[in-house]
Structures are given as C-alpha cells and as structure tokens.
Protein chains: 2
Amino acid sequence: MKVLIVYAHPEPKSLNGALRDVAVQELEAQGHEVRVSDLYAMNWRSEVSRSDFPTLDQDSRLRVANASTQGFNANALTEDVQAEQEKLLWADTLILQFPLWWFTMPAILKGWVDRVYACGFAYGTGEHSDKRWGDRYGEGKLEGKRAMLIVTAGGWEEHYSARGINGPIDDLLFPINHGILFYPGYTVLPPFVAYRVDRLDDAGFLAVSSRLRERMRTIATTAPIPYRRQNFGDYVIPTMQLRPELEAPGATGFSIHQGEAA
Amino acid sequence: MKVLIVYAHPEPKSLNGALRDVAVQELEAQGHEVRVSDLYAMNWRSEVSRSDFPTLDQDSRLRVANASTQGFNANALTEDVQAEQEKLLWADTLILQFPLWWFTMPAILKGWVDRVYACGFAYGTGEHSDKRWGDRYGEGKLEGKRAMLIVTAGGWEEHYSARGINGPIDDLLFPINHGILFYPGYTVLPPFVAYRVDRLDDAGFLAVSSRLRERMRTIATTAPIPYRRQNFGDYVIPTMQLRPELEAPGATGFSIHQGEAA
C-alpha cells in the first residue's frame, strides 16, 4: 500500500515525532510505501486567502468556494496545494497525526484541510438531484481509500469517556472523521488515541508505541467505522435528515450516523 | 459593556464582513464599547512554534505547555499574543465570528486560540486536589464574562438539525462553546447561526441582519447555555465523569453536560 502521513507537531523531538517514526518504521517493515507531509518542516501556510488564487482578479470580491472551483478547474491553485492534492491521489491510505489542542487539530493542520480540500476536489462534486446530493459522505474523489487519525491527548482517558467532562472522544473527533475524512469518500478507521502523554515514562512509551505498531500492522484489515453513506437511501433528499424508520424516533447526536457494521 | 469581536474572514466585502458591521453598529447604538480583532487584516500568525517563546533556549526541546507557562509567567510571550490577552481581560463580552469551514472555525481563528490561550492564562490554572481539578469549566481567568459565536454556514438548517447528516449544530459547536469558551470561565450564550448563506438575496440579508441585531440588543440579558460547572459536585474527581445519579444511566454525548437552566 501507499500511505501518506500528514503530521502536525512543531517539535521533532516530541512524543508525536517519536510516534511518527514508529508508524513509518512499522509500515515500511510491512512493505508499504510511506510519504510524510511534515507541515511545520514544510512551513505550511495555514490561512486561506487571496494568495491561494493567483488568477483571481485583484479587484474582485473573494468568494472562497467560487475562487476555489475556478482555481482547481484551471489547474491554477498554488504549487503547495497541488502537491498535497497529488499526494492524496497517490496514497491508498491517509493518516492525520496531531496532538489534540483545544479538543481538535492544531491550526496548521486545519489550514492544510482548508487549503488542500478545494472545491471540485473534496467538495462541490457530483450531481445534485432528487436522487443524489453530490458526491459526498462515502462517495467522492477519495472513495475507496482508507484514512485514520493518530492523536495524542494530555488529559486522562476517563475525561474523554462516555460521561467524561471533555465529551466522548468519538464525538469530539466526529467532525474530523465524518466531516473531513468520510465527506470526500474515505473509508474511516477507528482512531488511535494516546492519553495522559505529558509525563510518559519509558514503560509508558513502550506500551503506546507497541499499541501503535499493532494498528499499523493491521491498517489494511481493520474494520472501519460504519458511517451511513449519503445517497443510498438512509437520508431524505434534500433535507438530508436520517429517515424516521432508522434509529429510535428520539435518537439524535452523532452516533445515529453509523449503521450496522459490515 | 465592553465587547471584543474576534473576526475571521479573508474578504471585507463578504457576508461576514457585512454582519460584523451590523453587529458593531447595533452594539454601539446600545452604548457598548466595541473593539474588533480582524485576524486577516492583522496578518495573524496561526502556528504555535518556537517563535512564540523568545526566551526559550534554542537547543532545548520545545514542550508547548511548559514553554507557554514560562513565557506567560515571565511576561515574555510575543507582543501580538499579549495584546490579545489584554483585550480578553478588557472585554466583558467576547464574540467569535467566523464562517463554518469543515464543520469548525477557519485555521486562522484556531491559531488565535492555540496561541492566545496560554498555559497559566486559559488553562493550567488553579488548585488540583481531591476537591478541585484546576480552575476550568466555569471557573478561570475569564469567569464572569459572557461569550457567544456568530457563525455562517453554506448548508441548510435541516442538514444541521437533530437528525441532519452533518450532525446537530449544537454538537458541532460544543468543542468550541464548551471546550474553548466555557473552559476558561466564560458564560456561554447560544450561538447565532445563519444558514444557506451562499446565495443570500437582499431580503435574505435583511432577515439575517435583523435577527443578528436582536441578538446584539439582548446580549447582556440572553440566558446562557446551562453547562455544568466542574468543581461544584456534578463530576467525580479525578476521573471527571458525570455522577451516575445525574442524567439517565445510559445517557451519553455532549448534551449531558448541561444542567437545569437557572
């Protein structure tokens, strides 16, 4: 397999840096080809701005989705963005690796998503009709590829449990797993999460890295999160609400967007 | 009152720009003092990096929370970060205004949070004991101040409803409302959200701006989201799980972290 790791930590000598090396080593030991986008090392620019759209008339109002569509269709997006899009098309499997900062990804990785996920590439694709609401949520240009998160958190696992004060980790990561990975078509694997990482001793690091190695060894076979696909009958079009006969009538929240495991 | 609006959109002539002007005008008409941090206009840097900690030894490993604590305590954080912290202390009320990009805030605003929310300022404060788990979730340096979000979304309101495919808007915004605003002590008001904004005509803009004016007129009196405070008996310390006698035994998800409205 071809694996792309998009990695977002400012310190190479960090736990995240060490875990990235563990992941790369184990994947390569399994015969996979690995590329890494090290966003800090690349001096990745995080802000969507006019400079993303070099062909945009300097006097015209910037409408992000429009400018993005035009830039993507004309092959006129900036080189850094095009290079990342090519890597996404090259890879069978995408890993986003980051420390959980304020319950989501660091700004630099969000900026990678905001800029690389162009209109026509990751959204705004496919037919809109009474049968389909575009190619998204299980369909799209990245369909058939796998994706997963590698996340480190300073807090305790209990704090992120079903009734923990931070909210359940699966709910905190839903906007990423469902909204960023499943959206353009990825098959999403359960995330790898390491907790209480701030004072990890040698035994602790060994335990975490051993758990990560196992996930890397099974990356091609791990059962995905069974998110419901959009255009296959579970949702009413165009309101995109889950059909009343699916899940209990009062059921709400992110979890109703998972169906039966295959 | 003193109101700080942290505003994150790259185009001044956008709907977001127009809504910001509406908010400022209405707040000033009510006699409030308003300041705006226009992140794009300020060329805000989004990435937490070594350059945030000028006194950090260049050869030492960057441990973000440690470096942040030391920088904050020594008054040695960068000028841009210190200026924002001063504005937060100045304001009685904080508004974060942004377009919903990939189901959360744009990178530039996440970078404002990542950098301005220093350790010792927005987290890592207060006593840790068997009675208290630091000053957070309802306590902290920003306690007693109000905060709210102004958000625009391209999708339909139904897509963000209880059973909509994107997930309920209140759940999508929970990591911000609870994890970023309530965490350092803000009293959090329900968000203002405008949907289907991509092709808003004049009548649509009038309706949205009239709704926003009303929220700005009532900003001092609107009832907040009744999030449960951490250190007042609802959570078991140190696992920080909601006590079993609160909410139904099987209840989970973000909504259990709200108690009764006052």
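Residues numbered from 1 in each chain as written. Chains lettered and ligands numbered in written order. Predicted model: local features only at pLDDT ≥ 70, side-chain atom pairs only at ≥ 80, totals over all residues. Heavy atoms only, no water.

- Going by an unreviewed UniProt entry, chain A carries the name NAD(P)H dehydrogenase (Quinone) and comes from Paraburkholderia silvatlantica.
- What UniProt states about chain A under its Sequence similarities (unreviewed entry) heading is, verbatim, "Belongs to the NAD(P)H dehydrogenase (quinone) family." (UniProt positions renumbered as here; feature names shortened; annotations may be inferred.)

**With respect to the packing of aromatic side chains**
And step 1. Taken as a whole, this structure holds 29 aromatic pairs over all chains when the rule is applied.
And step 2. Each ring, one from A:Phe103 and one from A:Tyr160, has its centre 6.4 Å from the other, and the planes form 55°; the classification is tilted. Taken as a pair, A:Phe103 in the loop between β3 (93-99) and α4 (107-116) and A:Tyr160 in the loop between β4 (146-152) and α5 (169-182) lie far apart in primary sequence, 57 residues in all. Just as A:Phe103 is buried, A:Tyr160 falls in that class too.
And step 3. With a centroid separation of 6.3 Å and 35° between ring planes, the pair formed by B:Tyr137 and B:Phe182 is classed as tilted. With B:Tyr137 in the loop between α4 (107-116) and β4 (146-152) and B:Phe182 in helix α5 (residues 169-182), this pair connects stretches of sequence that are 45 residues apart. (Phe/Tyr/Trp six-rings, centres within 6.5 Å; stacked < 30°, edge-to-face > 60°. Helix = DSSP H or I, 4+ residues; strand = E, 2+ residues; numbered from the N terminus. Buried < 20%, exposed > 50% of the residue type's maximum accessible area, 1.4 Å probe, protein only.)

**Quick word on the pattern of salt bridges**
Think of it this way: side chains of opposite charge can pair up when their charged atoms draw near.
And step 1. Scanning the entire structure with this criterion turns up 30 salt bridges over all chains.
And step 2. Here B:Arg45 makes a salt bridge to B:Asp52, at a shortest N to O gap of 3.2 Å.
And step 3. Between B:Asp80 and B:Arg115 there is a salt bridge, with the nearest N and O atoms lying 3.1 Å from each other. With B:Asp80 in helix α3 (residues 79-90) and B:Arg115 in helix α4, this pair connects stretches of sequence that are 35 residues apart.
And step 4. We classify B:Asp80 as partly exposed; its relative accessible area is 29%.
And step 5. Accessibility expressed as a relative area gives 4% for B:Arg115, which makes it buried.
And step 6. Connected through shared salt-bridge partners, A:Glu26, A:Arg213, A:Glu214 and A:Arg217 make up one network. (Salt bridge = Lys/Arg side-chain N within 4 Å of Asp/Glu carboxyl O.)

**Focus on the UniProt feature "domain: Flavodoxin-like fold" (unreviewed entry) in chain A**
And step 1. On the UniProt side, "domain: Flavodoxin-like fold" (unreviewed entry) is annotated at positions that read residues 1-202 of chain A here.
And step 2. Secondary structure across residues 1-202 of chain A comprises 31% helix and 15% strand; the distance between its end C-alpha atoms is 31 Å.

**A word on the packing of α3(B) against α4(B)**
In a packed pair of helices, the relevant descriptors are the angle between the two axes and the axis-to-axis distance.
All names here are of chain B.
And step 1. Where α3 contacts α4, the two axes come as close as 10 Å, and the packing angle between them is 90°. When the axis of α3 is compared with that of α4, the two are roughly perpendicular. Residues Asp80, Val81, Glu84, Gln85 and Leu88 of α3 touch α4, and the partners they reach there are Trp112, Arg115 and Val116.
And step 2. Here the residues of the contact of α3 with α4 sort into four nonpolar, one polar and three charged. (Axes fitted to C-alpha atoms, helices over the stretch in contact; angles between N-to-C directions. Parallel < 35°, antiparallel > 145°, perpendicular 65-115°, else oblique. Contact = heavy atoms within 4.5 Å. Nonpolar A, V, L, I, M, F, W, Y, C, P; charged D, E, K, R; others polar.)

**A short note on the relation of the copies chain A and chain B**
And step 1. Once turned by 180° and shifted 0.0 Å along the axis, chain A lies on chain B with an RMSD of 0.0 Å. As the rotation angle and translation indicate, the two copies are arranged about a two-fold axis. Taking the C-alpha atom as reference, chain A places A:Ala107 closest to the rotation axis, 2.4 Å from it.
And step 2. A symmetric contact is evident, with 100% of the interface residues of chain A recurring at the interface of chain B. (Least-squares fit on C-alpha atoms with pLDDT ≥ 70 in both.)

**Topic: the interface of chain A and chain B**
And step 1. In this assembly, 74 residues from chain A lie in contact with 74 residues from chain B.
And step 2. Between chain A and chain B, a total of about 5,500 Å² is buried, with carbon and sulfur atoms accounting for 60% of that surface.
And step 3. Interface area lost by chain A to chain B is led by A:Trp102, A:Arg163 and A:Ile165, which between them contribute 20%.
And step 4. Across the chain A-chain B interface, the total number found is two salt bridges.
And step 5. Linking B:Arg50 and A:Glu11 is a salt bridge whose minimum nitrogen-to-oxygen distance equals 3.3 Å. (Buried area = accessible area lost by both parts, 1.4 Å probe.)

**Thoughts on the confidence of the model for chain A**
And step 1. Confidence in the prediction of chain A, expressed as mean pLDDT, is 96, and 100% of residues score 70 or more.
And step 2. Per the prediction output, this complex has pTM 0.98; the corresponding ipTM is 0.97. (pLDDT = per-residue confidence, 0-100.)

**Considerations on helix α1 (residues 15-29) of chain B**
It helps to recall that an α-helix has 3.6 residues per turn; residues three or four apart then point in one direction.
Residues and elements named next belong to chain B.
And step 1. Helix length check: α1, at 15 residues, gives a terminal C-alpha distance of 21 Å against a target of 21 Å (1.5 Å per residue), a fit within 8%.
And step 2. What α1 keeps buried is the set Leu15, Asn16, Gly17, Leu19, Arg20, Val22, Ala23, Val24, Glu26 and Leu27.
And step 3. The secondary structure elements touched by the buried residues of α1 are β1 (2-7), β2 (33-38), β3 (93-99), β4 and α6 (202-217).
And step 4. Positive phi appears at Gly31, one or two residues downstream of α1, with a value of about 90°. (Expected span 1.5 Å × (residues − 1).)

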